[in-house]
Amino acid sequence: MAKKLLGKKTGGEKIKAKRPVRADWKDGVKKKQVGVSDMTMLTKITNEAINENLQKRWQNAEIYTYIGHVLISVNPFRDLGIYTEDVLQSYKGKNLLEMPPHVFAIAESSYHHMNSYKENQCIIISGESGAGKTEAAKRIMQYIAAVSGDGHNSSIKEIKEMVLATNPLLESFGCAKTLRNDNSSRHGKYLEIQFNTQGEPVGAVITNYLLEKNRVVGQIENERNFHIFYQLTKAAPAEYRETYGLQGPESFLYTSKSNCLDVPGINDAQDFQETLNAMGIIGLQKHEQDEIFKTLAIILWLGNVVFVEDDTGNAAISDTDVANFIAYLMEVDGEILCKALTNRVMETQRGGRRGSVYEVPLNVIQATSVRDALSKSMYERLFEWIVTRVNVSLQARSAHQYTIGVLDIYGFEIFDENSFEQLCINYVNEKLQQIFIELTLKAEQEEYVREQIEWTPIKFFNNKVVCDLIEEKRPPGLFAALNDACATAHADSGAADNSFVQRLGFLSSNPHFESRGSKFLIRHYAGEVLYNVEGMTDKNKDSLLKDLLNLASGSQNQFIANTLFPERVDPNSKKRPPTAGDKIKLSCNTLVTKLMQCHPSYIRTIKSNDNRSPSEFDEKRVQHQVQYLGLCENIRVRRAGFAYRTTFDKFVERFYLLCPQTGYAGEYIWNGSSNTGALEILKHNNIPQEEWQMGTSKVFIRHPETIFALETLRDKYWHNMATRIQRAWRAYVRHKIECAKKIQRFWRQNKYNIGYLQMRDYGTQILAGQKERRRYSLVSMRRFTGDYLDVKAGSGLASMIRNAISLKGGENVIFSMRGNTLVPRAMRSSVPSPRTLVLTNQNLHIIVTTKQGKALSMVDEKIISLNVISGISVSTLQDDWVILHIDNSADGDAILSCTFKTEMLAHMLQQTGGRIKVSIAPQIQYKKKGGKSVTMKFIKDETAKHDGVYKSHVVKICSGAPAGSQSNPPCAVKARPTQNSTRKAPAPRKTNNARSAPRPAPNARSVPAAAPAANNTRSVPVVNNIRPVSTSIGRSVPPPPPPPAPIATPPPATPTLPQYKAIYPFQSQEAGEIQFEKGDILEIEQKDENGWWLARKDGIEGWVPSNYLEEYVPPVVVATPPPPPPPARRPAPSIPVAPQSSTPQSSSVPAWKAELEARKAGIIPNNGAVSSSSPVPVARRGPPAPGQKPVVPAKPVVPAKPMVPSRPGVGAPKPAPRAPPRAGGDTSNAAASLADALRARRNQASHHDDDDDEW
Ligand SMILES: Nc1ncnc2c1ncn2[C@@H]1O[C@H](COP(=O)(O)OP(=O)(O)OP(=O)(O)O)[C@@H](O)[C@H]1O
Ligand SMILES: [Mg+2]
């Protein structure tokens, strides 16, 4: 089979690979199996072979065996320890083949079927009395309660407890010890558990069938009354003993007559407590319990009413005290009770009209019969009320969708003397057998024919003929005959019985019936039973005497008068009340209809012996049962038939996911019918052809293994889908977090920069399109951070400046930088001289630094209030000169040069609210000291280097970038690898070291096509000059000459990239950076303005802070001097004239300090003036129209002026690059070095000019 299922292709192999197609539960069970666990696999199908297999297994303590999905259970009469919690859990979620046969497997199968296929279920348990039906039913309830619901919902828990509690309660009232069974069910019970859509029990309903009420008034020798009587009489609490006069069972005739008060193995006292407990769980109130026990006491005492013959031969109550006590309990008049028990009210009828009413005294036998009738009726009504009351408690708490019904009915009975009760019991068993036959044998075979499945019919005994014999109306069956007899001879029971015997003659043609005088024989499916006619009509009539009904309804006790006996005598009613036969027939047919609407599971119980012996296997008894249960036919039909069938629709609905054509896309792409859909699923999963057949409306699957394999595939599909969804969800959450982090990072950066950027935009607008631009400033947009010398908070030089300017209250530093001013010289022309410029919100401070001995001192040389500045003039060329026009100043206007002039201008305008007029012109008129007006001219001279040359009111400067040039966008932020990516070196860069793609090539746009190459070098930062290969500008430089021809010893490999040495250790904190130790040598691939350089170390590429590095010249190998490296590749000194340049080798001295010291030593001239070597005259151009005054930008949203951001690292994210750790943490030094470095770069090629211009 397994091979068959595996099929040829992947689908089948999948099944094989993941799980054996035919689940072999033997693997999981150590105990060796005996016989065959599924009798469809028996080699010989005979009653003997079945018997032998069952015996072998039973002797090996394996009481359960399957025939397909029918469970055969053979009573072991001992505790096998097979119903423990562990065993129960081991069956949870398993299919029938995965585990050894068990009643739990049937329960699981039903529960699974209900949940999966959305069908009501019923479990029909049949078998002889004592075969184990009630035990099986209890185990099913135990299993369902354990596996359904999550145990947290209190109402579901309550329902489960109540359902389980119905067992001890109904067993106490409905079971009794019989000769066959110590706990024989004396009524039938169908328990339907109701489930919601989640498969949780929400309610239950119990239907009760025909209680054997005769047992109340008498039992045959060695049998007992219902358990509750012994429980109550033995264990009633003192309260009941006193109030209800309860004594031991020996004191009451109804419990003692059969001489069996105790049963080995039954502890009545303990059971009584369980009954009380169950009553509590079910919710029976104390007053209700009292009424129940009071009714039982009345019945017990009624049994003790003994009649004697009085003088007239009529019945008289021997002990009126007993009668009076009963009257007290019943809350009726004592006399009326006595009368009702000893007399009968008769009414004459004349011509159908009511005649006179008179009392007829009863004889002893008749009185006893009346007494017993009252007792039986009371008990029956009490039992029915209990069931009704239990149903009230079990009412569904919420809407229920599906049900699982468990039928536990009294078993087939054959006694020496069989009466009406046995007829009813056996009739119900016949009906159940009929259902079994209908569904497993007949209907199944008929279905094959209907569905046009290839099928060879199998013969079996259909017991319908016996059912018809008992229940048919026409020709009248036994119940109809009984009813007729009762109707015609209603007054005299003997006459009625005779009438019945006569009517039996009509049935003699039925081969399953034989009339034998006052007895008759029925050949039931389970055996022949001889029934005694005597008393049958009376029992069938089942009418309570009007006298008794009147007695009960006259009771002051509401429970008796209204609850137990609610009906009232209607003297005019002619309607014949339904007989017992009518009732059992009706309820039995209702049950059959209900069962036929459910998906059935069968448990067929077999009694191993009649002696309750755990060791005796009575072969004859068992074989007899095997025969009448029709197990042989069952196996034959099963073997030839199909284990599973369902409609095409349902099949596709359940398994559509197992085939891509019908799967999720199937809704759109599948155009076929459900028939072809089902076929597609079977074929796609490589289910072998012989495993299935397609009917006209259903799919038939031959073996259960196939359907289990499909179920397994389906489970796996869902499991995989769930995993996929979980995975996608986790990825989504991770992505969301990463995005949030990115946004946060960006925002922090933006928040920090926004004020600076707004300031920059404002500054750009002031001069936009009117003044030539420096190429250097086009390299990238720069933030206008203002206080470059960190005057506000810095220490060292910054604090010296602070001391020099001694800020007034409310005066805040806005901008600070080094610059120049024109210094007049006696009899000679003015020269630019370095100054420190500090702009506050009120003044511009011009500070001069002087040397007094070895100490530096700073003096606030000039304070210009912003209020007195009426205008600012700048040229149209790229120079840095700024002329501040000052109202009524004896000193004249101020002439300054400042590298960041645009920014200074922007701050001034910002501080004065745009009041100051800005003029941009090629010639600027200004006032000298004393008020003399002079004109400063700005002339283009392409030979003038860098900042140009000032001499005698003329500034010569080479062409800058066009006025309308736009700065390149800000430097690209360092690439941040995503969280998932590992840090790996970026792809190797090209040898020309062009900037990475997103970064625009510097100068590429701004360099005029015709500009000479020499001029280009002017605006290139020094670093680029040193390493022309590292910038795009280097491409316009002619390639270096080829290296000289190699000599014998090849030179050591010269690094292709500039090398830098770490002067501080750097601990990388972010992805994309590389960390290094002090002294490490790094190759620099790319230099960014923002201070971060792209470096390579040990083959790993990443970003490093430039101010942690210093240039490194590899030592020359002395032993064998290498040939000189190609000039272009040789590292060039940054400042040729100053060996102790701003980047001293292997020194931790900051740049600004180095420069200062160089100046002190006289290496760099203090004025930083530049001279032009052989200036070339430039054609003069007409002065351009004065530029439009820039619009003062709208004030930023929050503060009016661009907000000066908090200092880096204080309350804001640190800016990049991070300042290297310096002793004292002097940030002003770093800031100062920026401007100094810029100037130094520009000055390095310039000459000092000693012009004789007068000032
Ligand atoms: N599976 C079992 N394991 C152990 N003992 C069992 C098992 N089934 C039945 N018995 C024993 O057999 C006795 C009779 O079983 P049970 O009451 O279930 O029979 P029944 O078929 O309901 O009979 P009846 O038709 O008379 O009600 C039980 O009281 C119990 O002692
Ligand atoms: Mg039972």
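See the structure shown above.
Residues numbered from 1 in each chain as written. Chains lettered and ligands numbered in written order. Predicted model: local features only at pLDDT ≥ 70, side-chain atom pairs only at ≥ 80, totals over all residues. Heavy atoms only, no water.

Student: How do you make sense of the coordination of the magnesium ion (ligand 2) when you look at a structure like this?
Tutor: Any two of four tetrahedral donors ideally make an angle of 109.5 degrees at the metal, while pairs among six octahedral donors ideally make 90 or 180 degrees. Within the protein, T134 (OG1) and S185 (OG) serve as the donor atoms for the magnesium ion (ligand 2), at 1.9 to 2.1 Å. Taken as a pair, T134 in helix 6 (residues 133-147) and S185 in strand 5 (residues 184-185) lie far apart in primary sequence, 51 residues in all. Comparing T134 with S185 shows no difference in burial state: the two are buried. (Donors = N, O, S within 2.8 Å, 3.2 Å for Na, K, Ca; no water. Helix = DSSP H or I, 4+ residues; strand = E, 2+ residues; numbered from the N terminus. Buried < 20%, exposed > 50% of the residue type's maximum accessible area, 1.4 Å probe, protein only.)

Student: Please clarify how the sheet that holds strand 30 (residues 949-951) should be interpreted in this entry.
Tutor: The mixed open sheet is built from 4 strands, whose spatial order is 28-29-31-30. The open sheet terminates on both sides in strands that have one partner only, identified here as strand 28 (923-927) and strand 30. Averaged over all neighbouring strand pairs, the angle between strand axes comes to 20°, with direction disregarded. The sheet contact formed by strand 30 and strand 31 (residues 954-957) spans 3 bridges and is antiparallel. When the bridges of strand 31 are listed, V949 appears paired with K956. (Pairing = 2+ DSSP bridges. Axes fitted to C-alpha atoms, helices over the stretch in contact; angles between N-to-C directions.)

Student: Explain the sheet that holds strand 22 (residues 843-852) here, please?
Tutor: Pairing between the strands of a sheet comes from backbone hydrogen bonds, and it takes one of two forms, parallel or antiparallel. A sheet is described by the order of its strands in space; here 8 strands give the open sequence 23-22-21-20-26-25-24-27, paired in mixed fashion. In this open sheet, the two edge strands, each paired with only one partner strand, are strand 23 (855-865) and strand 27 (917-920). Sheet twist, expressed as the mean angle between neighbouring strand axes with direction ignored, is 35°. Relative to strand 25 (residues 881-886), strand 24 (residues 869-874) runs antiparallel, the two being bridged by 5 bridges. Bridging from a neighbouring strand, I869 pairs with I886 of strand 25.

Student: I'm lost on the packing of helix 14 (residues 334-342) against helix 21 (residues 546-553) in this one. Help?
Tutor: Two quantities define a packed helix pair, namely the angle between the axes and the distance from one axis to the other. Running from amino to carboxyl end, helix 14 crosses helix 21 at an angle of 160°, the nearest separation of the two axes being 9 Å. Taken together, the axes of helix 14 and helix 21 lie roughly antiparallel to each other. As for how helix 14 packs across helix 21, the hand of that crossing is left-handed. Residue-level contacts link I336, L337 and A340 of helix 14 to D547, L548 and L551 of helix 21. Its residues assigned to classes, the contact of helix 14 with helix 21 comprises 5 nonpolar, no polar and 1 charged. (Parallel < 35°, antiparallel > 145°, perpendicular 65-115°, else oblique. Left-handed = near helix turned anticlockwise from the far one by under 90°. Contact = heavy atoms within 4.5 Å. Nonpolar A, V, L, I, M, F, W, Y, C, P; charged D, E, K, R; others polar.)

Student: Honestly, the packing of aromatic side chains in this entry has me stumped. Any pointers?
Tutor: For any pair of aromatic rings, the description rests on two quantities: the centre-to-centre distance and the angle between the ring planes. A complete count under the given rule lists 37 aromatic pairs for this structure. A centroid spacing of 5.7 Å and a plane angle of 55° characterise the contact between Y111 and F195, whose relative ring orientation is tilted. Residue Y111 is found in helix 5 (residues 103-117), and its partner F195 is found in strand 6 (residues 188-195); the two are separated by 84 residues along the sequence. The pair Y111 / F195 is uniform in exposure class, with both members buried. Centre to centre, the rings of W881 and Y950 are 5.6 Å apart; their planes meet at 45°, and the pair counts as tilted. Residue W881 is located in strand 25, and its partner Y950 is located in strand 30; the two are separated by 69 residues in the primary sequence. Across the pair, Y950 and W881 agree in class, each one buried. Put simply, the rings of Y83, Y91, F104 and Y143 touch in pairs and so form one group of aromatic residues. Over the aromatic face of F642 sits the side chain of R702, whose NZ or CZ is 4.2 Å from the ring centroid. (Phe/Tyr/Trp six-rings, centres within 6.5 Å; stacked < 30°, edge-to-face > 60°. Lys NZ or Arg CZ within 6 Å of the ring centre and 35° of its normal.)

Student: Even after reading the chapter, I still don't get the environment of S870, so can you show me in this structure?
Tutor: Within the secondary structure, S870 is located in strand 24. Classification of S870 as partly exposed rests on a relative accessible area of 32%. Each C-alpha atom, one on S870 and one on D887, is 6.2 Å from the other, the two residues being 17 residues apart in sequence. If we skip the residues at most four places from it in the chain, S870 touches H885, I886, D887, I916 and K917.

Keep in mind that these numbers describe shape and distance, not what the molecule does.
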